[in-house]
Amino acid sequence: MPKFKFNTIIQILLLSTLTLSCTHIFSVRKSEPDTGKLSASERLEYEYVLNEAIRLKLMGHIKEAEELFLRCIEINPNSDVAYYELANISYFNEKVDNAIEYSKKALENNRNNKWYYVQLAQFYYQNNMIEHAIKVYAYLTENIENGIEPYYILAQLYFENKQFIEGLEIYEVIEEKIGLDFELTHDKKEIYIKLGEFEKAYKEIKKLIEVYPDNYQAYKMMADFYSRIGMEKEAFEKYNVVISLNPEDAESIINLAFYNFESGKHEKGFYYLRKAMFHDELDLKIKNDVLFSSFDYIDVKQYNQELKEITQHLLKTGGQLLQTYAVVAEFYIRTENYENALKYIQKLVDEEPENTVFREQKLYVLSYMGDHQRIIEEAEKALKYNPDDPLIFYFLGFANYVLDNKDDALYNFKNSLEYLNDTQSSLAAQILAYIGEVYNAREMYQESDIYFKKSIETDPDNLVTLNNYAYFLSLRGEKLTYAERLSRKAVDGQSNNYAFLDTYAWIMYKLADYETALLYIKESYRNNGSENYEILDHYGDILYKLKKIDEAVKKWNKAIEFGGNEEELRIKIENAIL
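Here is a short report on the structure shown in this document. On a predicted model such as this, the values are computed, not experimentally measured, just so you know.

Scanning the chain for helices and strands turns up 33 helices and zero strands. A compact globule built from 578 residues should have a C-alpha radius of gyration of about 25 Å, whereas the chain, at 38 Å, is more than 25% larger. Viewed in the frame of its principal axes, the chain has a C-alpha envelope of about 135 × 55 × 45 Å. Burial status across the chain gives 49% buried among its 578 residues. Across the chain, every contact between residues at least 6 apart in sequence was considered, and the portion connecting residues at least 24 apart equals 53%. When the accessible surface of the chain is split by element, carbon and sulfur atoms take 47% of a total near 28800 Å². Of the side chains in the chain, 67 bear a positive and 96 a negative charge, and the two mean positions are spaced by 2 Å.

Put into structure tokens, the structure is as follows:
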């Protein structure tokens, strides 16, 4: 069904006066008042000048035409045609006030030509004088024009002026003239929804269904109404009726897909999704949007083969569309097929090399793959096109950080900070924390503390940063009370994170609270930390302090087994045994 029109018809019909056809011109001239007061020579001159002015206007010689229309008025001050044309020319020259005055003069000299009313209303509308436009159309519908279109425009003018009740009254007049109409019902329903009068909106659609019980569009309107007001179950039922009456209605197929997904009926939802994707009449852009949205509702890996078939179909039917490449790339990312994802992202980059979003997506995929050297290569290429993109500098910084290129990492991270805007506080906090880690690794602890504190001030709820800074402080044996508070907040946020639990245990160890340390290291061990050599090493140290020597030795031996520093651990074991 057509959407709520408001300005659409107003603009189409009102603006039509600016490109008045020859038919309209001649009809205007026929309605012109008698020029009998003119002498024969004046009448002849007037007719000649008027025809010449119209000819020049049609040829695009607006200035010359304007001069001749003014001459027409000098000859015949009652020339409604000349005033009408001068109004159009003034409007084109952006002299709206002049246009309104000329248009009024045209009406003064001929009150029976509907185009003069339309023209004046248009000028009022364009000058944001909607109440004046309403008065013109109200007079036109009551006294001049009995056609339907002016009533529609009047109703929409009322709606735009927030006079909803008056607009609805005009719609009732239209319905009396033309009978029950789908488009009219749609618009009345929209107004009632806007007013919050849902019962009246429902009754309008119900009336339509009663008259057209076999028309799927009526049920579709009801389904849309239910969906809009949050009655999803009822909407779902009506969309099923639509499909029973018209199995190929694309919009209903799409809605049924998502209703089933949201209801947990994934098989049924996927059935409708596939039907939509292979629908011949559905626009490719809509298919792309629908498929992309579906990824958030279904297990993409479970439907890997079926989705692959769909993506290949989309590529065959419109692979040249960049949006399709983006959707296919997202499918491969979700299935962790990163090489194929890169293939389609590269197509996007090739088509629009300056598009920073495409280049950033490529860097994200490379980061998923852990290919840090390639990140550096691609990020440096991207900077040639987007030299002030903070995210590209971030990727460069992180890749250099992982590859232990600490100087480059610092340079890149600081550049990223320079280009970040106020809405990117989360990324800023992350970068500040990485800079803190770089300085900590260099044993530049004062600088490290400055950046970690800035990071925490920027994003106080970043649990990873809280944990990492607390752990670095514990290793240094500094500010342990402060470190305990940071670590406690991280553990409270994720009580089953083995790394967070280990940090807290180690801080308690440094504070000589070995019993508490044991409680938390046990939790860390139970929460997937049993094969982490660092946790096993800490576990052994805590047990040793509690005089549980045999258990401590077992944990240190396991730490060696899982990659811990054998030389240091052997020394601990020997000293413990002795």
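So, next bit.
What follows covers the packing of aromatic side chains. Between two aromatic rings, the relevant description is the distance of the centres plus the angle of the planes. Counted under the stated rule, the structure contains 39 aromatic pairs. When the ring of F331 is compared with that of Y332, the centres are 5.0 Å apart and the planes differ by 55°; the resulting orientation is tilted. Accessibility expressed as a relative area gives 0% for F331, which makes it buried. Judged by relative accessible area, which is 5%, Y332 ranks as buried. Pairwise contacts between aromatic rings join Y364, Y394, F395, F398, Y401, F413 and Y434 into one cluster. The ring of Y401 has K406 sitting right over it, with the charged end atom 5.4 Å from the ring centre.

Turning next to the side chain of H279. Assignment of secondary structure puts H279 in the loop between α16 (266-277) and α17 (284-294). For H279, a relative accessible area of 5% gives the class buried.

Quick look at the pattern of salt bridges now. With the rule as written, the count across this model stands at 37 salt bridges. One salt bridge in this structure joins K406 and D404, with 2.2 Å as the shortest N-O distance. Exposure remark for D404: the relative accessible area of 51% places this residue in the exposed category. One continuous salt-bridge network, built from bridges that share partners, spans E172, E175, K188, E204 and K207.

Another aspect to go through is the nonpolar core. Of all hydrophobic cores here, the largest spans 143 residues; its most connected members are F69, L291 and L307. Tallying contributions element by element places helix α7 (residues 114-126) first for this core, with nine residues. Sequence-distant contacts of L307, that is, excluding residues within four places in its chain, are made with F270, L291, F295, I298, V300 and F331. By size, the runner-up hydrophobic cluster in this structure holds 40 residues, among which are I456, M508, A552 and A576.

Okay, unusual backbone geometry next. The phi torsion at K162 lies on the positive side, around 60°, for a residue other than glycine. Mapped onto the elements, K162 comes out in the loop between α9 (149-160) and α10 (164-178). Judged by its relative accessible area of 64%, K162 falls in the exposed class. In the Ramachandran plot, A512 falls in the positive-phi region, its phi being about 65° despite a non-glycine side chain.

Before going further, it helps to spend a moment on the packing of α17 against helix α18 (residues 304-318). Two numbers describe how α17 lies on α18: the axes approach to 11 Å, and their chain directions differ by 155°. On the basis of their axis angle, the class for α17 and α18 is roughly antiparallel. Between α17 and α18 lies a crossing of left-handed hand. Between α17 and α18, the residues in contact are L284, K287, N288 and L291 and L307, I310, T311, H313, L314, T317 and G318, respectively. Considering only residue class, the contact of α17 with α18 consists of five nonpolar, five polar and one charged.

The interhelical angle for the contact between helix α14 (residues 232-245) and helix α15 (residues 250-262), taken along N-to-C directions, is 140°, at an axis separation of 9 Å. In terms of their interaxial angle, α14 and α15 are classed as oblique. Where α14 crosses over α15, the two elements pack in a sense that is left-handed. Residue-level inspection shows E232, A235, F236, Y239, N240, V242 and I243 of α14 in contact with α15, the latter providing E251, S252, I253, N255, L256, Y259 and N260.

With that settled, the discussion passes to α10. Over its 15 residues, α10 runs 21 Å from end to end, which matches the ideal 21 Å to within 8%, given 1.5 Å per residue. Among the residues of α10, F164, G167, L168, I170, Y171, I174 and E175 are the ones counted as buried. Buried positions in α10, seen along its axis, are confined to an arc of 155° and lie on one side of it. Against α9, α11 (182-194) and α12 (198-211) lie the buried residues of α10.

Inspection of the secondary structure puts D459 in the loop between α26 (445-458) and α27 (463-476). K489 is the oppositely charged side chain nearest to the buried, salt-bridge-free D459, at an N-O distance of 7.8 Å. Sequence-distant contacts of D459, defined by excluding residues within four places in its chain, comprise S426 and A429.

Another aspect to go through is helix α30 (residues 514-529). For α30, spanning 16 residues, the distance from its first C-alpha to its last is only 19 Å, which falls clearly below the expected 22 Å at 1.5 Å a residue. All buried positions along α30 are accounted for by A517, L518, Y520, I521, S524, N527 and G529. Tucked into the core, α30 has its buried residues touching α28 (480-493), α29 (498-510) and α31 (533-545).

Turning next to the environment of L480. Inspection of the secondary structure puts L480 in helix α28. Exposure remark for L480: the relative accessible area of 14% places this residue in the buried category. When neighbours within four sequence positions are excluded, L480 is seen to be in contact with L473, S474, I507, K510 and L511.

Reading the values: the criteria
Residues numbered from 1 in each chain as written. Predicted model: local features only at pLDDT ≥ 70, side-chain atom pairs only at ≥ 80, totals over all residues. Heavy atoms only, no water. Helix = DSSP H or I, 4+ residues; strand = E, 2+ residues; numbered from the N terminus. Rg over C-alpha atoms; globule rule 2.2 N^0.38 Å. Buried < 20%, exposed > 50% of the residue type's maximum accessible area, 1.4 Å probe, protein only. Contact = heavy atoms within 4.5 Å. Areas by Shrake-Rupley, 256 points an atom, 1.4 Å probe, with all protein chains shown as cover. Lys, Arg positive; Asp, Glu negative; His and termini not counted. Charge placed at Lys NZ, Arg CZ, Asp CG, Glu CD. Phe/Tyr/Trp six-rings, centres within 6.5 Å; stacked < 30°, edge-to-face > 60°. Lys NZ or Arg CZ within 6 Å of the ring centre and 35° of its normal. Salt bridge = Lys/Arg side-chain N within 4 Å of Asp/Glu carboxyl O. Core = buried A, V, L, I, M, F, W, Y, C linked by side-chain atoms within 4.5 Å. Axes fitted to C-alpha atoms, helices over the stretch in contact; angles between N-to-C directions. Parallel < 35°, antiparallel > 145°, perpendicular 65-115°, else oblique. Left-handed = near helix turned anticlockwise from the far one by under 90°. Nonpolar A, V, L, I, M, F, W, Y, C, P; charged D, E, K, R; others polar. Expected span 1.5 Å × (residues − 1). Arc of directions from axis to C-beta.

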